[in-house]
Amino acid sequence: MALTLQEVSRIAHLARLELSSAEQTQMLEQLNGFFGIVEQMSAVDTSGVEPLYTPLSAVQAVELRLREDRVTETNQREAHQRSAPAVEDGLFLVPKVIE
Amino acid sequence: MSAPALIRGYEVVIGLETHAQLSTASKIFSGASTQFGAAPNTQACAVDLALPGTLPVMNKGAVERAIQFGLAVHAKVAPLSIFARKNYFYPDLPKGYQISQYEIPVVQGGKVEFVLNGQKKTVRLTRAHLEEDAGKSLHEDYQGQTGIDLNRAGTPLLEIVSEPDMRSSAEAVEYAKALHTLVVWLGICDGNMQEGSFRCDANVSVRKPGAPFGTRREIKNLNSFRFLQQAIDFEVQWQIDRVEDGLPIEQATVLFNPDTGETRAMRSKEDAADYRYFPDPDLPPLVISPAWVARVKTAMPELPAAMAERFVREDGLPEADAALMTQSLAFARFYEAVRDGCGTPKLAANWLMGEVSKRLNAEGRGIEAAALQPATLAALIRRVADSTVSNNGARQVFELLWSGAQTDVDAIIEAQGLKQMNDSSALLAIVDEVIAANAKSVEEFRAGKEKAFNALVGQVMKASKGKANPAQAGELLRQRLG
Amino acid sequence: MSTPVHDGLHTLGVAALARGLAAKAFSSVELTQVLQARMAQHAGLGAFLATNPDTALAEARAADAAIATGTAGPLTGIPLAHKDIFVTDFARSGLATTAGSQMLKGYASPFDATVVARLVAAGTVTLGKLNCDEFAMGSANENSAYGPARNPWDPTRVPGGSSGGSATAVAARLVPAATGTDTGGSIRQPASFTGITGIKPTYGVCSRYGMVAFASSLDQAGPMARSAEDCALLLSAMSGFDERDATSAERPPQDFHAQMLQPRAGASAAKPLQGLRIGLPKEFFPAALAADVNGAVRSALAELEKLGATLVDVSLPRTELSIPVYYLIAPAEASSNLSRFDGVKFGHRAAQHGDLLDMYKKTRAEGFGPEVKRRIMIGTYVLSHGYYDAYYLQAQKLRRMIADDFQACFQHCDVIAGPVAPTVAWALGQQREPLQDYLADIFTLPGSLAGLPGMSVPAGFGEGGLPVGLQLIGNYFQEGQLLHTAHALQQATDFHLKEPQL
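The name recorded for chain C in an unreviewed UniProt entry is Glutamyl-tRNA(Gln) amidotransferase subunit A, from Rubrivivax rivuli. Its UniProt record gives chain C a comment under Sequence similarities (unreviewed entry), which states: "Belongs to the amidase family. GatA subfamily."

As recorded in an unreviewed UniProt entry, chain A goes by the name Aspartyl/glutamyl-tRNA(Asn/Gln) amidotransferase subunit C, listed as coming from Rubrivivax rivuli. Per UniProt, chain A carries the Subunit (unreviewed entry) text "Heterotrimer of A, B and C subunits." Taken directly from UniProt, the Sequence similarities (unreviewed entry) text for chain A runs: "Belongs to the GatC family."

See the structure below:
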């Protein structure tokens, strides 16, 4: 299957990437080139196969490790906001959010 | 359920998604505090801010609370559940995705039961899943910009999803109240709705009876029972108007404006439709062993329904009284303490439903905030039971006990001279005086006028300055006039 | 600066330097100055993105003090540099963290990555941060926003990627060793291209906390150095359970150096690999494999046979499939991992923008390079509504089949061997099609998808005198056996000791 320009711009919007029409055209070519090699994958019968979301579960049961409910962090606002683009009164500033 | 009341000929269909903030000390995936009201971003640690290189680590306390809830609503606690990423861009969502549970939630199924005007209702639960809360956008102006406070980001939430089983805003509110009582009872949520600890999203649609479900609109973030009712009522009318006008209803996320009492579609959610869920590769599957579930079960408090049933069975309370005694765990414990102290369950219930509730409502407080101790109230009830003090007198004593300033019931009765006159000789003297002084009433009574008798009793009470025991006064009068 | 006594210090590896420091043959300060001079001299190689000479010297002085008072550890005073994908506490080190991206230009991390913190705690001296492909996405280091790194064997060639700066710095003898990360081959392939030794341990052996995430279910940190022995020394210090990484393997600290030296049962001095079965997947030796690579790899295998190992034929039938599988899974995870770069909390924000949506789109358009955008697009697409099952889910199922294929192989062999890459390092600056690079990852992707430990060991030289690496893949947590095998080879050969002429 091949993508269309409309799909490329829909995906770019979902990913919050501004792409010029030239970029979109090139992206379309490259994505379709890539999905060309993906097709072989679709042909394989994987019915009854469990997906391998985390590698070690190939050979052992992997369980989520849980931490005790304890407060371990202290206020580091200054250090944390050192690389923030826009801050005022300790708040991160962004263009007006319209709900 | 009984046939639903129709509105303008339409059946209302409501399902609720409730977000209960879990009462953990630290966040769901970080060691930052969940305390409410700190200065902006002072409780947003590196993980909460999604600083490059940070990773989530799951809070055991949040899982434990989810298990408690699952047991309390008779749901299946999933032995294995999966955390997934819900991807969308929003300034209060630091990672650009919310860690939630999608295909396999930790709590599956279950039901919540409650009573609405004397009728028992059951609302089925679809699921309840663990997820992280987002931060807050502060819309007051920063030169036309919005301020983002991420202190709340990462606070553990249990999202409780009901089936579309409710048929009126009243049912929705009762369900929400029952759920609220339950999570607070379990101690897994502080229930503070002003602070957003317990918020509801309402999915509302309308249809002609028997027709398939109509298109639903989701009203977001209702943080009071009143708003829940108002928002649903407005939405229902709005939807019926449109249908009547032959206009379609588009699925939408809407906001309720408490000032106007109206709902309107959100603009920011327009394109958020494609969340690209996938299992979070940072978090292996959550495994809950039967042994763990068993441990949690043994540590759980007796649930409201079971306790109410016990009060009916063992204390002989009417169901309505039992329901009121179990309105909260604190209230129930108070009732039990008073009951044990006075030995008369019904009287204990009466005082809690009467004087105590009246004051709590007036002061807008819960019983845990009351200065009055159960033992003190029990002592007073004992004095009413053994007729040391009349009900009126007891109410006066209660006034002084409520503030907590005084606690010695007998001392108050003495000091206020509220002790009932129970020795008959002294009372007999008064009775004779009254008969002598009220020949007319005596005549009328003998002529068969019961009212005249009441007047005489009144006179005796008056002459005794209210200390006489009315019952005893009546007896003596009848003897003398008999 | 470097007095005659210290000429050649730069040629020594970690183990030799540690012995010299312990014997007080030279000080960590002297060593650090020698290397700093060399770094300045060869800045043209583009290995470093950030240095902080003063803090490095301060660390060296502290190391010398520890050595003097006898409180030093095995790595105290050893100078290292870190791939710029590891965050470094700016307040401590004065080193920014960029992940090779415009998006993080000048980013000041408030904390150290666990791997960095452990190496600092071990007394190592941090010489700086090393160039890499943007967010570790690439196999030539040409996707760095801060310019390419060059291959010391031929500066017109690429050093490989994504850990290209690490490979360049170690191969050029600017540093004795460096950290790298490997998602689909990013330690092994540059190690192969530059004639050094690198190991990607089992997924979970090194903490991912503080590694700027590319693909969470694949990313692993590892050392890149001159020899298997040096890798073993570093890996022991870098690795270990970390409660801040839920995917970190819960096991006691490992002494990989001791495991490396542990003789095999029935082995002899002449035949240290006696009884070792080395599996050769036929899919790793296709007709298309470059002759020079094939020749070097075969000769290295012959050496291993001389050392007592036996070669057996095995098969990894889904080797070719691992390319689409990897290039669906890694971008899917990356598209989500990179969503946090939105211009709100840290990093780049477009100077000119309209509303919030426009700020997001321009910020990300400016902050990300072309390859990163491509992978975000692929990942967003395969996760989007209606495509998940056909792509992402199917890929994860095939991933398990690929992992199972390895377990089948390990029924017949102890270690799997083959080439790291189909060719030697290619020329810089030729506008290769992305797909061409993806296809070149074919031999490293299967092990990455399975989460298995893998090494690149110098195996000789090919076309243009460029290095060729032998890939060794072990079963889960068999790093010791890999290092033992590589060490035996390096006792018998001197490929790893060859230096590029700069």
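K.L.:
Just checking my understanding: could you explain the overall build of chain A for this structure?
P.N.:
The number of helices and strands found in chain A is three helices and three strands. Along chain A, helices and strands appear, N-terminal first, in the series α-α-β-α-β-β. Radius of gyration (C-alpha) of chain A: 23 Å, far over the 13 Å computed for a compact globule of 99 residues. With the C-alpha coordinates aligned to their principal axes, the bounding extent of chain A is approximately 55 × 50 × 25 Å. Sorting the 99 residues of chain A into buried and exposed places 43% on the buried side. Summed over its atoms, the accessible surface of chain A is roughly 5100 Å², and 48% of this surface lies on carbon and sulfur atoms. Of the charged side chains in chain A, 8 are positive and 15 negative, and the gap between their average positions amounts to 10 Å.

K.L.:
Quick question: what am I supposed to make of helix 13 (residues 439-446) of chain B here?
P.N.:
Helical periodicity: at 3.6 residues per turn, an α-helix aligns residues three or four positions apart in one direction. All names here are of chain B. Every buried residue of helix 13 is accounted for by S441, V442 and F445. Projected down its long axis, helix 13 carries its buried residues within an arc of 105 degrees, all on one side. Exposed side of helix 13, more than 90 degrees from the buried face: K440 and E443 are the residues found there. On its buried face, helix 13 is in contact with helix 12 (424-437), helix 14 (450-463) and helix 15 (470-481). In the segment just after helix 13, G448 is the residue with positive phi, at about 100 degrees.

K.L.:
Explain the interface of chain C and chain A here, please?
P.N.:
The accessible area lost on association of the parts is a frequent measure of interface size. Residue-level contacts link 75 residues of chain C with 57 residues of chain A. Between chain C and chain A the total buried area reaches about 5500 Å² when both faces are included, carbon and sulfur atoms providing 68% of it. Per-residue buried area on chain C facing chain A is highest for M377, Y381 and R400 of chain C; these three make up 14% of the total on that side. Remark: the boundary between chain C and chain A carries three salt bridges. Between R65 of chain A and E250 of chain C there is a salt bridge whose closest N-O contact spans 3.8 Å. One can count 18 residue pairs in polar contact (both at pLDDT 80 or more) joining chain C with chain A. Residue contributions to the side of chain C that touches chain A peak at 14 residues, all from helix 14 (residues 389-409) of chain C. Class assignment for the residues of the side of chain C that touches chain A results in 43 nonpolar, 14 polar and 18 charged.

K.L.:
How should the interface of chain B and chain C be read in this particular structure?
P.N.:
Between chain B and chain C, the contact holds 31 residues from the first and 39 residues from the second. When chain B packs against chain C, the two sides together hide about 2700 Å² of surface, and 61% of this comes from carbon and sulfur. At the junction of chain B and chain C, the tally comes to one salt bridge. A salt bridge links R208 of chain C to D282 of chain B, with the shortest nitrogen-to-oxygen separation between them at 3.0 Å.

K.L.:
What should I look at first to understand the UniProt feature "active site" (unreviewed entry) in chain C in this one?
P.N.:
Residue and element names in this part refer to chain C. Look at the UniProt record and you will see "active site" (unreviewed entry) annotated at K83, S162 and S186. A maximum C-alpha distance of 11.0 Å is found for the annotated residues, which run over 104 residues; spatially they form one tight group. Its location among the elements puts K83 in strand 2 (residues 79-83). Classification of K83 as buried rests on a relative accessible area of 0%. Other than its neighbours up to four places away in sequence, S186 contacts K83, A136, G138, G161, S162, S163 and T181.

K.L.:
Help me understand the sheet that holds strand 11 (residues 145-149) of chain B in this model?
P.N.:
Note: strands within a sheet are paired through backbone hydrogen bonds, in either parallel or antiparallel orientation. The four strands are arranged 2(A)-3(A)-11(B)-10(B) in an open sheet whose pairing can be described as antiparallel. For this open sheet the edge positions go to strand 2 (87-88) of chain A together with strand 10 (136-142) of chain B, each flanked by a neighbour on one side alone. Bridge count between strand 10 of chain B and strand 11 of chain B: four bridges; the pairing is antiparallel. Note that in strand 11 of chain B the partner of K136 of chain B across the bridge is D149 of chain B.

K.L.:
Where do I start with the pattern of salt bridges in this structure?
P.N.:
When charged atoms on two side chains of opposite charge get close, those side chains can pair. All told, the structure shown has 57 salt bridges over all chains when counted by the stated rule. For K121 of chain B, the salt bridge goes to E171 of chain B, with nearest N and O atoms at 3.2 Å. With K121 of chain B in strand 9 (residues 119-132) and E171 of chain B in helix 2 (residues 169-186), the pair connects residues that are 50 residues apart, well separated along the chain. In this pair, the class of K121 of chain B matches that of E171 of chain B, namely buried. Measuring nitrogen to oxygen at the nearest pair gives 3.8 Å for the salt bridge that ties D242 of chain C to R244 of chain C. In this structure D242 of chain C comes out as buried when scored by relative accessible area, which is 5%. Within the structure, one salt-bridge network assembled from shared partners comprises E302, R310, D315, R333, E336, R339 and D340 of chain B.

K.L.:
I would appreciate a short explanation of the pairing of strand 8 (residues 310-314) of chain C in the present structure.
P.N.:
Regular strands place side chains that alternate from one sheet face to the opposite one. Residue and element names in this part refer to chain C. Bridge count between strand 7 (residues 277-281) and strand 8: five bridges; the pairing is parallel. Counterpart to L280 in the pairing with strand 8 is D313. For the handedness criterion, the β-α-β arrangement of strand 7, helix 10 (residues 291-306) and strand 8 is classed as right-handed.

K.L.:
Would you mind going over the sheet that holds strand 5 (residues 83-87) of chain B with me for this structure?
P.N.:
All names here are of chain B. In space, the three strands of this open sheet follow the order 6-5-17, with antiparallel pairing throughout. Here the strands that pair on one side only, and so sit at the sheet edges, are strand 6 (97-101) and strand 17 (278-279). Bridge count for strand 5 against strand 17 is two bridges, and the pairing is antiparallel. Along strand 17, the bridge assignment pairs R85 with F278.

K.L.:
Can you walk me through the confidence of the model for chain A in this structure?
P.N.:
Keep in mind that low pLDDT regions are not for reading the predicted coordinates in detail. Averaged over all residues, the pLDDT of chain A is 94; the fraction at 70 or higher stands at 99%. Taking the mean pLDDT of every element in chain A, the minimum, 94, falls on helix 2 (residues 21-42) of chain A and the maximum, 98, on strand 1 (residues 66-67) of chain A.

K.L.:
Can you walk me through the side chain of R226 of chain C in this structure?
P.N.:
Residue and element names in this part refer to chain C. Within the fold, R226 resides in the loop between strand 6 (220-225) and helix 8 (228-238). With no salt bridge to any partner, buried R226 finds its closest opposite charge in D230, at an N-O distance of 6.2 Å. Here H10 takes part through its backbone oxygen, which lies 3.3 Å from a polar atom of the side chain of R226. For R226, the side chain forms a polar contact with the main-chain oxygen of V170, separated by 3.2 Å.

K.L.:
Would you explain the packing of aromatic side chains in this entry?
P.N.:
Each aromatic ring pair is specified by the distance between its two centres and by the angle formed by the two planes. Under the definition given, this model contains 30 aromatic pairs over all chains. Between F135 of chain C and F368 of chain C the ring centres are 5.9 Å apart and the planes differ by 70 degrees, which places this aromatic pair in the edge-to-face class. Note that F135 of chain C is positioned in the loop between strand 3 (125-130) and helix 6 (164-171) and F368 of chain C in the loop between helix 12 (356-367) and helix 13 (370-383), a separation of 233 residues in sequence. The class of F368 of chain C is buried, set by a relative accessible area of 3%. Within the aromatic cluster, the residues linked to one another by ring pairs are F34 and F35 of chain A together with Y326, Y327, Y381, Y387, Y391 and Y438 of chain C. Positioned above the aromatic ring of W238 of chain B, the side-chain terminus of R217 of chain B is 3.8 Å from the ring centre.

K.L.:
What exactly am I supposed to notice about the environment of Q259 of chain C here?
P.N.:
Residues and elements named next belong to chain C. Looking at the secondary structure, you find Q259 in helix 9 (residues 256-261). Residue class for Q259 comes out partly exposed when judged on its relative accessible area of 26%. Taking the C-alpha atoms as reference points, Q259 and A232, separated by 27 residues in sequence, lie 8.7 Å from one another. Residues within four places of Q259 in sequence aside, it is in contact with Q254, G480 and H484.

The rules behind these values
- Think of each chain on its own: its residues are numbered from 1, step by step along the sequence as written.
- Chains and ligands are labelled sequentially in the order written, the chains with letters from A and the ligands with numbers from 1.
- Under the rules for a predicted model, residues below a pLDDT of 70 receive no local features and side-chain atom pairs below 80 are neither given nor counted, while totals for whole chains, interfaces and linings still include all residues.
- The basis for every side-chain value is the complete set of heavy atoms in the structure, and neither hydrogens nor water enter the calculation.
- UniProt positions are given in the numbering used here, feature names are shortened, and annotations may be inferred rather than shown by experiment.
- Numbering of helices and strands starts at the N terminus; helices are DSSP runs of H or I of at least 4 residues and strands are runs of E of at least 2.
- Our radius of gyration looks at C-alpha atoms and nothing else; its globule reference is 2.2 Å times the residue count to the power 0.38.
- Exposure is judged per residue with a 1.4 Å probe applied to protein chains only, and the accessible area is read against the type maximum: over 50% gives exposed, under 20% gives buried, and values in between give partly exposed.
- For the area figures, the Shrake-Rupley method with a 1.4 Å probe applies, and any residue is considered shielded solely by the protein chains shown.
- His residues and chain termini do not enter the charge count, which takes Lys and Arg as positive and Asp and Glu as negative.
- Note that the charge is assigned to NZ on lysines, CZ on arginines, CG on aspartates and CD on glutamates.
- Summarising the geometry, the arc corresponds to the directions from the helix axis toward the C-beta atoms.
- Throughout, a residue-residue contact means that at least one pair of heavy atoms, one from each residue, lies within 4.5 Å.
- Summed over both partners, the accessible area (1.4 Å probe) lost when two parts come together is defined as the buried area.
- Note on definitions: salt bridges are taken to be side-chain nitrogens of Lys or Arg within 4 Å of carboxyl oxygens of Asp or Glu.
- Polar contact is defined as a pair of N or O atoms within 3.5 Å, subject to the rule that within protein one atom must be able to donate a hydrogen and the other to accept it, and that residues adjacent in sequence are counted only when both atoms are side-chain atoms.
- Residues are grouped as follows: Ala, Val, Leu, Ile, Met, Phe, Trp, Tyr, Cys and Pro are nonpolar; Asp, Glu, Lys and Arg are charged; every other residue, Gly included, is polar.
- Should DSSP find at least two bridges between two strands, the strands are taken to pair.
- Seen with the strands pointing away from the viewer, any crossover whose path from the first strand over the helix to the second strand runs clockwise is right-handed.
- Note: pLDDT gives the predictor's confidence per residue, expressed from 0 to 100.
- Side-chain rings of Phe, Tyr and Trp, where Trp is taken by its six-membered ring, are said to pair if the distance between their centres is within 6.5 Å; with planes under 30 degrees apart they count as stacked, over 60 as edge-to-face, and otherwise as tilted.
- Two thresholds decide whether a charge sits over a ring: the Lys NZ or Arg CZ must be within 6 Å of the ring centre and within 35 degrees of the ring normal.

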